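What the coordinates show
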Amino acid sequence: MGMDAGDLLFCIAQTGELLKKQFFHNAGENLQEVAGKLQELLLRFSQEYQGKDEETRDILQASMDTIGAVIGAMENQDYILCADLLETELYPIVELILQSLEEPESPVPDGGAARDYRLERARSGDLTIKTKGDPGFYLHSRGNPRREARVWIDGILELGKEAYVVFGIGLGYHVEAIYEKVAGRSRIEVYETDREMIRLAYEYGRMKKINGESVKAVHDRDGRLFAEALSGRDVQIIIHYPSIKKIEDRNIRASFEKFFISDSTVKETKDLMFMNYKSNTALCRHNADEILSEIEGKKVIIAAAGPSLDKNVHLLKRENRDFIIIAVGTVFGKLVRMGIIPDYVAFMDAQERTFRQMEEVLPFNLSVPIIVESTACWRFIKYYKGPSYIAYQKGYGPAEKAAEEKKAALFETGGTVTSLAFDVAIKGKADTIIVIGMDLAYTGGVTHARGTMDHKTAETAEEVEVPGYYGGTVRTKIIFNMYREWMEDRIARTNPAAENGPSITFVNATEGGAYINGMKHEELAKWI
């Protein structure tokens, strides 16, 4: 039986993972393979180091004792002990043996004089790869790249898809992990912007082991072929993030960064969103479109949570106001403490921690209607005593189906709760929509307005320049720029060029942060 340096370590790690998942039959079959591979390794080790020193004899004895303990634990059905022995005792011993057997006449290949990359030997014996430059970064693990890829793919792969569309080839470890799961039953299409990286994946990586009719790698210089591959088929998108980082063209890299943010957000919260959806739809009997008639023809002020909210939010405090306030959940408590009771409050985040936005106002027993996206934290509807309205969002399958069945409105949400409030005001046919606190940048070096749960000094590195509210440019995060672009697109679709003029007047009265096309940029005092 042939064995490259990484096979045994990979097999040991995989067996431990199967035991932890309680897949005992598969683990037992894997353990037989581990025993066979270990026997080969120990035979080679003993032949090479026979009689040389006491340390060698100790290593051999420890190996035999450990595999004996592993087999004994397996026979005793003590699967927890078995997994622990594999991970904490056998794996380090085998790693030590493999390192001692490394052949000096078999150095790390130079990658055929690769211009931008450097191949290195991982601790598992497999090759990994790093970009050249200062400081450079790794595309795969320095420890065990096969195990790293397997853990990643096991955690995200959705079986039964027509095709798996992968961006970023690396050395192909993640492609191999997908192939092991679907093995010819589905197509695997790998798109890569760098032709040199494809060459390295086939010459030195795992692609040469899985190359077949169901797997293809495509050189895609600007990402257009990748985008075309996503339409009209039942596919799963898999993005290898380090492959985005190495794209030299700034605009192409930014496009993939935006796509990755959207895709990873859905993957990370998918289960939580569904559980929230099931709870919210069971708890709430009213749809958000029931309140739209209350907005029609009115002036609506959307109070977002950006740092500049502190500049003018006090102007909202007046007895006989001629405008409607839709606040985002983050500022609900701040407004109440200031004596400003909004007309509606919008909630969108799925995470449990965001219920803190409401906890401080619960003792007031307010009757302010709340607008809750269908996948938002279930506690908002469960514990709030005032009226609740569920907003079914476009782009979420279960919500779209429910809206169709109930003949309810579908709301567009551009990734932030302010977008939900914005779309409610648009669908309600407001006469004027004014936003405050919509910085879409870290104005003054802080993240949110004072007195909100997320107010803190901005620590995340800024990434892009965008037009500023007062001219010039401001630095902001890619995700904030995505929100800005969404709002600009939503405004353009709401107010297309026409002789009759705009149907809704949009005003950015944030008085700081980013400039938003399609809006008037004027002080709040002028409009109230």
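Up top you'll find the structure we're talking about.
Everything quoted here is computed from the prediction, not taken from an experiment. (Residues numbered from 1 in each chain as written. Predicted model: local features only at pLDDT ≥ 70, side-chain atom pairs only at ≥ 80, totals over all residues. Heavy atoms only, no water.)

A short note on the pattern of salt bridges
- Using the criterion set out here, one finds 36 salt bridges in the structure.
- Where Arg 379 meets Glu 352, a salt bridge forms, and the shortest distance between an N and an O atom there is 2.5 Å. With a gap of 27 residues between them, Arg 379 in helix H15 (residues 379-383) and Glu 352 in the loop between strand E9 (344-347) and helix H14 (356-359) connect regions that are remote in the sequence.
- For Glu 352, a relative accessible area of 34% gives the class partly exposed.
- A salt bridge links Arg 490 to Glu 412, with the shortest nitrogen-to-oxygen separation between them at 3.7 Å. Taken as a pair, Arg 490 in helix H18 (residues 478-494) and Glu 412 in the loop between strand E12 (410-411) and helix H17 (417-427) lie far apart in primary sequence, 78 residues in all.
- By relative accessible area, which is 7% here, Arg 490 ends up buried.
- Take Glu 412: its relative accessible area is 14%, and that puts it in the buried class.
- Where salt bridges share partners, they join Glu 412, Asp 423, Lys 427, Asp 489, Arg 490 and Arg 493 into one cluster. (Salt bridge = Lys/Arg side-chain N within 4 Å of Asp/Glu carboxyl O. Helix = DSSP H or I, 4+ residues; strand = E, 2+ residues; numbered from the N terminus. Buried < 20%, exposed > 50% of the residue type's maximum accessible area, 1.4 Å probe, protein only.)

Some points on the nonpolar core
- Leu 316, Phe 422, Val 424 and Ile 433 are the most contacted members of the largest nonpolar core, which totals 65 residues.
- In this structure Val 424 touches Ile 291, Leu 292, Ile 295, Ile 326, Ile 371 and Phe 411, once residues within four positions along its chain are discounted. (Core = buried A, V, L, I, M, F, W, Y, C linked by side-chain atoms within 4.5 Å. Contact = heavy atoms within 4.5 Å.)

Regarding the side chain of Asp 439
- Tracing the backbone shows Asp 439 in the loop between strand E13 (432-436) and strand E14 (464-467).
- Of the side chains with opposite charge, Lys 311 comes closest to the buried, unpaired Asp 439, at an N-O distance of 5.8 Å.
- When near neighbours in sequence (up to four residues on either side) are disregarded, Asp 439 contacts Gly 306, Pro 307, Ser 308, Leu 309, Thr 510, Gly 512, Gly 513 and Ala 514. (Lys, Arg positive; Asp, Glu negative; His and termini not counted.)

Some remarks on the sheet that holds E13
- Spatially, the nine strands line up as an open sheet ordered E12-E11-E10-E9-E8-E7-E13-E16-E17, and their pairing is parallel. Because the sheet does not close on itself, it has two edges, and the strands there are E12 and strand E17 (520-521).
- Two elements, strand E11 (residues 388-393) and E12, share two bridges in a ladder whose sense is parallel. Considered in E12, the bridge of Gln 393 is made with Phe 411. (Pairing = 2+ DSSP bridges.)

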